[in-house]
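Reading the structure
Take a look at the letters that make up each chain.
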Protein chains: 2
Amino acid sequence: MLTAPAIIDLNSPHAELQARQIGEKAQMLHTMMELGLPVPHGFVITAQTCQTLNEMDWPTLSDSIASALAHIQSGEGRTLIAIRPSASCAVPAFTDALLNVGLSDEVAEHLATQSGEPRLVFEAYRRFVQDFAHVVMGDDPAIFEDIVAMYMEEHGFVSVSELQGADARELANRFKAQFESNNGEAFPQDPMAQVKAACFAMMRAWNAPRARTHRKLHGVSGEASLALIIQAMAEGQFNEDSGLGRAATRNSQTGSAELNGSFMPQAWGSGIAARLSGSRPLNDGSAECLAATAPHLFRELHEGLTSFERHQRDGIEAEFAISQDKLFFLSAKLVKRSAAAALRMAIDFANQRLMSREEAVLRIDPLSLDQLLHATIAPETKRNVIASGLAASPGAVSGRIVFDAEEARGLAADGIAVILVRPETMPEDIRGLHAAEGVLTTRGGMTSHAAVIARGMGKPCVSGASQLRIDVAAGTLSAPGLVLKRGDEITIDGSSGQVMSGKVLTLKPELSGDFATLLEWADGYRRMEVRANAETAQDARMAKDFGAEGIGLCRTEHMFFEGDRLVAMREMILADKERDRRAALAKVLPMMRGDFVALFEIMAGLPVTIRLLDPPLHEFLPEGGTELDAVAKSLAADPGLLRKRVNELKEQNPMLGHRGVRLLLSFPEIVEIQARAIFEAVAEVQRLQGKPPIPEIMVPLVFARSELDQVRRYIDATAIAVEKEMGITLAYRVGTMIELPRAALRAGDIAASAEFFSFGTNDLTQTTFGISRDDSARFISEYQSKGIMKKDPFVSLDIDGVGELVELAVQRGREARPDLHLGICGEHGGDPDSIAFCEAQRLDYVSCSPYRVPIARLAAAQAHIRAGTK
Amino acid sequence: MLTAPAIIDLNSPHAELQARQIGEKAQMLHTMMELGLPVPHGFVITAQTCQTLNEMDWPTLSDSIASALAHIQSGEGRTLIAIRPSASCAVPAFTDALLNVGLSDEVAEHLATQSGEPRLVFEAYRRFVQDFAHVVMGDDPAIFEDIVAMYMEEHGFVSVSELQGADARELANRFKAQFESNNGEAFPQDPMAQVKAACFAMMRAWNAPRARTHRKLHGVSGEASLALIIQAMAEGQFNEDSGLGRAATRNSQTGSAELNGSFMPQAWGSGIAARLSGSRPLNDGSAECLAATAPHLFRELHEGLTSFERHQRDGIEAEFAISQDKLFFLSAKLVKRSAAAALRMAIDFANQRLMSREEAVLRIDPLSLDQLLHATIAPETKRNVIASGLAASPGAVSGRIVFDAEEARGLAADGIAVILVRPETMPEDIRGLHAAEGVLTTRGGMTSHAAVIARGMGKPCVSGASQLRIDVAAGTLSAPGLVLKRGDEITIDGSSGQVMSGKVLTLKPELSGDFATLLEWADGYRRMEVRANAETAQDARMAKDFGAEGIGLCRTEHMFFEGDRLVAMREMILADKERDRRAALAKVLPMMRGDFVALFEIMAGLPVTIRLLDPPLHEFLPEGGTELDAVAKSLAADPGLLRKRVNELKEQNPMLGHRGVRLLLSFPEIVEIQARAIFEAVAEVQRLQGKPPIPEIMVPLVFARSELDQVRRYIDATAIAVEKEMGITLAYRVGTMIELPRAALRAGDIAASAEFFSFGTNDLTQTTFGISRDDSARFISEYQSKGIMKKDPFVSLDIDGVGELVELAVQRGREARPDLHLGICGEHGGDPDSIAFCEAQRLDYVSCSPYRVPIARLAAAQAHIRAGTK
């Protein structure tokens with residue numbers, strides 16, 4: 001049963017004119033009409049009607065359509081129409097528009113006679129047949145293209161421009177014959193039969209599994225619906241001076257206000273964009289541009305779109321027609337834009353007082369800022385994609401394939417750009433990662449070692465590209481059907497996950513003034529602090545440049561991986577006695593102290609949160625045989641003993657093993673040496689800068705208060721010792737990571753001993769889901785394609801599960817200690833949706849990779865604005 | 001400040017006569033007095049007074065003590081006293097009693113004259129000096145023993161019985177001299193000084209860190225307190241006919257009512273038990289037993305203790321004295337008992353109507369039943385302990401060391417008992433585990449593979465014995481200072497965790513009628529069902545014999561590990577195409593079906609919960625090089641390819657990897673073949689038994705409802721197919737494990753698709769704590785010794801953390817589906833404390849290893865009784 005109104009006039013002032021009922025495209029047309037812009041008449045079959053379209057109800061609907069058509073058709077009812085999908089939100093309709101619906105043998109002959117341009121009419125007719133065959137029947141358009149090619153060969157034509165009216169008519173006939181041969185029925189001559197078939201076909205495409213899955217994956221399956229626009233084609237289109245064009249109010253790359261686009265005379269038919277290759281520019285100063293050939297029309301176009309832009313408060317791109325010296329707007333949409341263009345427009349509109357700064361801040365997708373921070377592949381560059389992995393760290397870069405860290409360092413030292421290609425990376429690859437331009441792994445997820453480190457360094461990374469096979473011995477990297485060798489050039493795009501063979505043109509990042517302006521505006525609306533995860537001076541400086549307001553996570557283990565320190569660390573691990581362990585650690589003390597001094601100096605008064613040693617000891621030990629022997633040599637240790645120790649330390653599930661606070665309590669000398677390095681650095685910076693930094697010392701992997709209490713005792717004792725030795729008074733805070741479900745549950749108890757909580761949502765996600773981030777690549781994408789997960793929970797916080805634990809910990813923690821300082825330092829600290837959740841929980845800060853700091857600043861501002869307007 | 005009453009007369013009818021104020025020992029004495037049994041006068045310094053004992057308050061207290069002493073002392077105030085610690089609950093006081101306090105040079109001379117037995121008096125004096133030196137001053141008693149030995153050598157004595165009065169006097173002098181030399185002060189001659197020193201020393205011992213830690217670990221630090229008993233020694237003790245004895249109302253091994261014990265004339269002094277080695281029996285029919293030499297005293301002893309037993313409704317063990325033909329009871333406590341004895345007594349008392357059957361059921365520690373189910377090491381057998389590990393599966397057994405599963409099978413086939421010794425076991429060791437008498441591992445926790453399998457099989461297992469080193473190549477097992485070889489005999493005690501060299505005498509289990517009686521009584525009070533975790537017919541039968549009311553967890557992966565099946569499974573894993581995987585699985589189908597038929601037949605109508613394949617695929621693949629080659633050969637596969645596949649499947653953290661429902665959704669053909677095997681078995685059993693079993697199919701590792709929905713679709717489709725093929729109607733239930741924190745949080749949602757939940761608390765504990773059970777041995781014991789954890793959370797459910805998640809899941813699940821069936825199938829299903837928690841949550845059943853079924857039956861009954869009386 002149909003419920004009225006089944007169709008709505010585009011020009012109707014009805015309340016039903018909502019995107020939900022008529023779709024976005026129709027709404028744009030309606031608005032243009034309201035603004036008085038010339039738009040051909042038309043109507044919309046509403047989304048509700050389309051959704052319940054069926055054979056039984058068709059006769060009723062058909063009557064409504066016929067009477068509406070009569071209304072928009074002029075003269076003898078020979079006005080052709082366009083049928084366009086109009087989705088309620090920005091998702092693909094999975095179907096093309098059909099133009100010139102209503103063409104038939106009889107109508108074509110009539111129009112050919114009337115216009116005196118049979119060539120143009122029959123060209124349009126054959127294209128309609130082809131498009132109808134494709135959209136409605138699912139025929140392959142290439143078959144029809146072949147017919148044209150064959151005809152031209154037959155007749156010795158070289159260019160389609162040589163075809164005359166008779167040729168066009170003959171081609172239209174051949175197309176119809178092909179249609180009949182393909183489908184076992186003649187090409188329909190009844191306009192209403194064409195309309196019916198088109199409507200049913202478009203709805204089939206919209207409801208096909210592929211389209212449904214796409215909407216499900218984009219989280220819009222509930223709200224998306226499709227309406228169909230039926231609109232008159234411009235009158236008098238088959239004249240020599242008529243034509244189709246496309247115009248945009250803004251430059252899509254820069255966002256600056258310059259009307260651009262193109263116009264093609266005699267370009268009737270569908271697939272406009274594709275056929276505009278030989279078109280004329282709108283206004284490039286040449287003699288043939290539209291501004292020169294029809295200045296009044298160009299002005300009308302310019303003024304019309306500009307007023308529409310001001311009304312929409314957004315850049316507009318429109319299709320238009322010119323027919324018998326009249327301008328018609330056929331469709332409009334928001335202009336496609338780069339991140340830079342989006343920024344420019346938002347700032348422009350705010351400066352023009354078309355919107356508030358608040359609204360401008362809300363306009364920008366925080367994630368899009370990433371484009372501005374990293375190199376991108378130049379648009380319209382040919383990409384020879386050989387595999388796809390996870391877009392683990394953004395940016396595009398080319399370089400030569402190397403398979404190990406040492407080689408990377410060697411070639412990089414000679415000035416050769418390299419991409420480090422590994423099944424997965426280990427802590428000991430860190431120098432190779434530093435030397436390489438980017439990293440490609442065949443295993444590991446979004447938070448694998450390679451991905452996390454690369455993001456931290458701001459280097460492109462594609463991880464888990466599982467179609468690729470690495471054969472280090474043979475020195476090859478194999479993709480399906482292709483074998484690359486060590487030294488071959490490849491390009492990786494860490495923003496898309498693509499891996500390409502060869503070198504590809506990339507564009508360098510440019511942080512324009514707009515970027516700084518918008519973030520400055522955003523900062524005005526932000527409540528949460530934004531800190532960075534950083535441990536090196538380089539990262540800390542970069543983070544501060546990006547606007548970080550402190551360090552939220554300094555992972556001290558990275559301080560042990562470098563050169564001499566790694567040797568000392570290995571000595572410690574190999575030592576059997578506490579005394580020997582202390583001696584080994586003592587060697588690292590001055591280096592660590594130096595690192596902390598550097599961080600404190602850079603952050604000058606801003607908070608610095610230092611996490612005590614977290615990973616299991618075996619991460620510091622060598623893996624392979626030859627490397628193990630080398631380490632044994634450098635330590636003058638027995639290789640057999642070393643091998644034994646490595647085996648002893650191996651764990652089945654290191655993520656759930658002897659690490660974090662468990663390790664600290666087994667080897668409290670580590671706590672003491674780290675606390676000492678921190679406190680001595682505080683003293684040093686106090687001497688240098690006059691003001692002491694206040695370090696926040698963070699204990700990882702706690703699940704019970706007593707763990708924290710015991711570690712705290714070692715920290716406090718060390719503080720007292722340093723105070724005595726140096727004659728100073730130390731201020732510091734001790735807190736804990738909340739990164740295990742039990743810690744979240746016991747937060748009330750733990751808060752009694754913690755001055756701050758930092759949610760380690762990477763680990764919390766791992767344990768809440770029971771998914772290791774290192775092994776998740778195998779099934780997370782499968783789960784996404786099956787609709788089990790919308791998003792990778794390591795990328796965007798799982799609000800329903802992990803989020804409940806965070807919420808619970810926040811409540812219990814604050815209840816026990818009202819002034820508890822709360823932050824997040826997992827990867828989620830840089831994800832806008834997760835940041836919105838943190839705002840809802842009223843956390844005090846988020847901490848993320850340096851490169852994510854601008855995103856976090858903007859996202860935190862947006863979250864606070866939205867929280868206020870709710 | 002002291003608050004009255006600081007001391008309480010043992011015979012006082014005061015309300016303060018509670019264990020909390022005077023301790024358990026004092027309470028026993030008080031009760032005996034009330035029953036009219038002869039007990040020497042005495043009083044108690046209350047726990048509160050003791051706890052605040054200090055120098056300042058001593059004078060006041062001292063006055064009270066002096067006047068109380070005057071009250072209990074007869075004649076010239078020369079009555080000696082005993083000072084005994086009396087703790088408020090059954091924890092060690094960490095101090096010994098002191099007897100004959102009050103002896104001094106002067107008193108000794110007086111008593112020697114008075115009694116005419118200087119030898120006995122000075123013997124007692126020197127022992128008092130020795131004990132005082134030990135208890136009060138901390139001197140080593142061995143120094144004093146050396147003095148005696150030296151004196152005897154000096155004088156040519158061979159036996160102490162040769163010593164005369166003069167010798168005893170001289171020895172007492174030498175002891176005092178030694179005391180002075182040790183401590184720089186003379187042995188105190190003032191009785192009140194002796195009392196003061198003793199009281200302060202006893203409280204020091206009670207409050208020492210060692211004692212505090214012990215109480216903390218046993219969870220009684222809050223409630224435990226110590227009082228001190230001061231009691232007169234029996235008058236006239238220094239006579240030839242006087243003596244000390246010990247008597248128990250029950251046989252401590254069997255629990256039968258037979259008064260037993262011993263008596264030793266002239267045995268004055270402390271450390272009675274130690275010095276009774278040459279004592280006479282009470283009543284063995286011999287001429288010198290007490291019943292023969294003093295029948296009236298024996299009768300008084302027997303009647304007194306029997307009436308006391310009836311009053312206490314528990315077996316009693318007492319120290320007594322005989323002095324001048326009079327009987328005195330000096331102290332009493334509950335008789336030590338084996339599990340069998342405890343059962344016997346409870347049943348006896350209930351049959352005698354001294355207590356209800358309910359109370360009898362509550363009397364038995366469920367864990368003690370384990371002693372009855374497994375072989376134990378014969379008491380007082382010499383154990384040459386070479387290492388200790390975790391008591392992972394109870395029972396003691398001896399056998400020859402073997403290092404691999406094949407060898408175990410070979411030797412076992414020849415009738416040789418072997419112990420499989422491995423760093424850890426793998427699924428492919430399963431046949432070796434079957435063949436061995438027991439298993440010993442150097443790695444792994446309470447729920448490592450070896451531990452779980454061994455418990456399932458009811459075989460002794462010691463796991464994580466980390467002091468041991470296995471060198472398979474050399475064929476040696478090294479303990480500190482000892483190297484054993486392959487084939488050497490060892491004994492493991494899986495009830496204590498001890499590893500012993502050589503063969504040790506063990507006692508076979510005996511399930512007496514008492515065992516069955518008590519469990520039958522318990523079943524009458526039980527609400528929760530008790531099921532067993534079992535997958536083999538052997539286990540299922542054993543479980544049923546132990547009273548299991550169904551199978552709560554059938555781990556189907558074990559069905560793939562055996563012989564031909566493992567080969568087929570490996571073929572499946574190696575297959576690249578679904579078709580090949582299906583072909584490989586089809587080979588396993590008939591074998592699986594047969595397994596299910598057997599289980600359904602044995603369980604005959606009882607519920608059987610079958611968990612679909614859970615572990616990651618790489619668990620089925622070989623590890624080592626040579627073994628891998630052998631597999632390649634048997635599969636006619638390329639070893640290189642196989643090796644590659646093994647490496648591809650390797651995971652960093654398999655526990656958090658591609659397993660459970662994740663694997664089932666990647667390879668739904670596994671679900672289909674398992675469901676088919678189950679349904680075809682149902683059909684078969686229906687044909688055989690006339691009644692179809694109703695299987696419960698359980699999906700592991702779910703964290704979202706949609707996972708369950710998708711697996712369910714494959715199950716349902718298979719059911720429909722089998723119904724069609726066989727022309728039957730199938731009934732079955734589909735449910736899920738709740739074993740991830742997210743599953744617990746999302747339980748409301750998941751319950752909409754699950755007919756039952758089974759809490760997999762092993763995995764839930766792993767993820768809630770972030771502790772892998774395989775790697776936990778490294779630090780869990782350390783955490784226990786540091787007081788961070790009271791109990792291993794893999795053994796007893798962590799109520800505060802994991803428990804909260806279970807509670808939450810129960811609430812949310814029941815809210816969404818009121819008839820949701822709820823059970824637990826982790827290792828905790830056999831742990832009494834965890835079972836009490838399950839009762840509080842009103843779960844429908846617990847499921848545990850077959851050998852744990854009796855424990856669970858009793859614990860569930862107790863939990864239900866206690867829940868009702870709350």
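What you see is a predicted model; the values in this text were computed from it and never measured.

Glancing now at the environment of A:G487. Residue and element names in this part refer to chain A. Locating G487 in the fold gives a position in the loop between β20 (482-485) and β21 (489-493). Sequence separation between G487 and V418 is 69 residues; the distance between their C-alpha atoms is 8.2 Å. Those residues within four positions of G487 in sequence are excluded, and the remaining contacts are R400 and I401.

What follows concerns the sheet that holds strand β16 (residues 438-441) of chain B. All names here are of chain B. Taken in spatial order, the 8 strands of this open sheet run β12-β22-β21-β14-β15-β16-β17-β13, and their pairing is mixed. Two strands bound the open sheet, and with one partner strand each, they are β12 (385-388) and β13 (390-393). The average angle at which neighbouring strand axes cross in this sheet is 30 degrees, direction not considered. Taken together, the 2 bridges between β16 and strand β17 (residues 461-463) define a ladder with parallel strand orientation. Bridging from a neighbouring strand, V439 pairs with C461 of β17. Contacting β13, β16 and β17, helix α17 (residues 449-457) runs over the sheet at an angle of about 45 degrees to β13.

It is worth spelling out the interface of chain A and chain B at this point. Where interface size is quoted, it is often the accessible area lost as the parts come together. On the side of chain B, 51 residues touch chain A, which itself brings 51 residues to the contact. Taken as a group, A:Q652, A:L656 and A:R778 account for 13% of the area that chain A buries against chain B, more than any other trio of residues on that side. Between chain A and chain B we count 5 salt bridges in total. Of the charged contacts in the structure, one is a salt bridge between A:D798 and B:R742, with a shortest N-O distance of 2.7 Å. Counting every contact that joins chain A to chain B gives 28 residue pairs in polar contact (both at pLDDT 80 or more). Looking at the side of chain A that touches chain B, the elements that each hand over two or more residues are α23 (639-649), α24 (661-666), α26 (705-726), α27 (741-745), α29 (761-769), α30 (777-785) and α31 (802-816) of chain A. Partitioning the side of chain A that touches chain B into residue classes produces 17 nonpolar, 14 polar and 20 charged.

The next point concerns the sheet that holds strand β7 (residues 260-265) of chain A. Residues and elements named next belong to chain A. With antiparallel pairing, 5 strands are arranged side by side in an open sheet as β8-β7-β6-β9-β10. Each edge of the open sheet carries a strand with a single partner, namely β8 (280-281) and β10 (326-334). In the sheet, strand β6 (residues 243-248) pairs with β7 via 6 bridges, with the strands oriented antiparallel. Bridge pairing links A247 to G261 in β7.

Both copies of the chain are tied together by a single rotation about an axis and a shift running along it. Mapping chain A onto chain B calls for a rotation angle of 180 degrees and an axial translation of 0.2 Å; the resulting RMSD is 0.3 Å. These values place the two chain copies in the arrangement generated by a two-fold rotation axis. Mapped onto chain B, 100% of the interface residues of chain A are again interface residues, and the two copies thus contact each other with one and the same surface.

All names here are of chain A. Relative to the 21 Å expected for 15 residues at 1.5 Å per residue, helix α6 (residues 141-155) spans 22 Å between its end C-alpha atoms, a close match to the ideal helical length. Those residues of α6 lying buried are F144, I147, V148, Y151 and M152. Within α6, the buried residues cover an arc of 130 degrees as seen down the axis, which keeps them to one side. Exposed residues lying more than 90 degrees from the buried face of α6 are M150 and E153. Where α6 is buried, its residues touch α5 (118-137) and α7 (165-183). Its side-chain oxygen 3.0 Å from the backbone nitrogen of A142, D140 forms the N-cap of α6. Trailing α6 by a residue or two, G156 shows a phi angle of about 70 degrees, which is positive.

Another aspect to go through is the packing of helix α3 (residues 58-72) of chain A against helix α8 (residues 191-207) of chain A. All names here are of chain A. It is at 11 Å that the axes of α3 and α8 come closest, and there the two elements cross at 120 degrees. Classed by the angle they form, the pair α3 and α8 counts as oblique. Here α3 runs over α8; the crossing is right-handed. Along its contact with α3, which presents W58, S62, I65, A66 and L69, the element α8 presents M192, V195, K196 and F200. Residues of the contact of α3 with α8, tallied by class, amount to 7 nonpolar, 1 polar and 1 charged.

Not every positive phi belongs to a glycine, and A:F94 is a case in point at roughly 60 degrees. Inspection of the secondary structure puts A:F94 in the loop between β3 (81-87) and β4 (98-101). Of note, B:D325 is a non-glycine position whose phi angle comes to about 65 degrees, a positive value. Locating B:D325 in the fold gives a position in the loop between β9 (316-323) and β10 (326-334).

Moving on: the packing of aromatic side chains. Enumeration over the complete set of coordinates arrives at 36 aromatic pairs over all chains. Geometrically, the ring pair formed by A:F596 and A:F600 is stacked, given 6.5 Å between the ring centres and 25 degrees between the ring planes. Placement of both A:F596 and A:F600 in helix α21 (residues 578-603) is noted, with a separation of 4 residues, approximately one turn of the helix. Judged by relative accessible area, A:F596 falls into the buried class, the value being 0%. Here the aromatic rings of B:F122 and B:Y125 are separated by 6.4 Å at their centres, their planes lie at 55 degrees, and the arrangement is tilted. With B:F122 and B:Y125 both in helix α5 (residues 118-135), this residue pair falls 3 residues apart, about one helical turn.

To continue, consider the confidence of the model for chain A. Residue and element names in this part refer to chain A. Looking at chain A, the pLDDT average stands at 89 and 96% of residues meet or exceed 70. Taken as a whole, residues 270-277 scores under 50 in pLDDT and shows 14 contacts with residues more than four places along the chain or in a different chain. Scoring of the predicted complex yields 0.82 for pTM and 0.81 for ipTM.

On to the pattern of salt bridges, then. Tallied over the full model, the rule gives 103 salt bridges over all chains. Where A:R174 meets A:E170, a salt bridge forms, and the shortest distance between an N and an O atom there is 2.9 Å. Here the residue A:R174 and the residue A:E170 both occupy positions in helix α7, the gap between them amounting to 4 residues, near one helical turn. Given a relative accessible area of 25%, A:R174 falls into the partly exposed group. A salt bridge links B:R126 to B:E123; its shortest N-O distance comes to 3.2 Å. Placement of both B:R126 and B:E123 in helix α5 is noted, with a separation of 3 residues, approximately one turn of the helix. With a relative accessible area of 4%, B:R126 lands in the buried category.

Turning to the packing of helix α19 (residues 537-545) of chain A against α21(A), a few remarks are in order. The packing of two helices is summarised by the inter-axis angle and the distance between the axes. Residues and elements named next belong to chain A. For the pair α19 and α21, interaxial distance at closest approach is 9 Å and the crossing angle is 10 degrees. Considering the angle they form, α19 stands roughly parallel to α21. In this structure, α19 uses A537, A540, R541 and K544 to contact α21, whose residues at the interface are A598, L599, I602 and M603.

Calculation notes
Residues numbered from 1 in each chain as written. Chains lettered and ligands numbered in written order. Predicted model: local features only at pLDDT ≥ 70, side-chain atom pairs only at ≥ 80, totals over all residues. Heavy atoms only, no water. Helix = DSSP H or I, 4+ residues; strand = E, 2+ residues; numbered from the N terminus. Contact = heavy atoms within 4.5 Å. Pairing = 2+ DSSP bridges. Axes fitted to C-alpha atoms, helices over the stretch in contact; angles between N-to-C directions. Buried area = accessible area lost by both parts, 1.4 Å probe. Salt bridge = Lys/Arg side-chain N within 4 Å of Asp/Glu carboxyl O. Polar contact = N/O pair within 3.5 Å; in protein donor to acceptor, adjacent residues only side chain to side chain. Nonpolar A, V, L, I, M, F, W, Y, C, P; charged D, E, K, R; others polar. Least-squares fit on C-alpha atoms with pLDDT ≥ 70 in both. Expected span 1.5 Å × (residues − 1). Buried < 20%, exposed > 50% of the residue type's maximum accessible area, 1.4 Å probe, protein only. Arc of directions from axis to C-beta. Parallel < 35°, antiparallel > 145°, perpendicular 65-115°, else oblique. Left-handed = near helix turned anticlockwise from the far one by under 90°. Phe/Tyr/Trp six-rings, centres within 6.5 Å; stacked < 30°, edge-to-face > 60°. pLDDT = per-residue confidence, 0-100.

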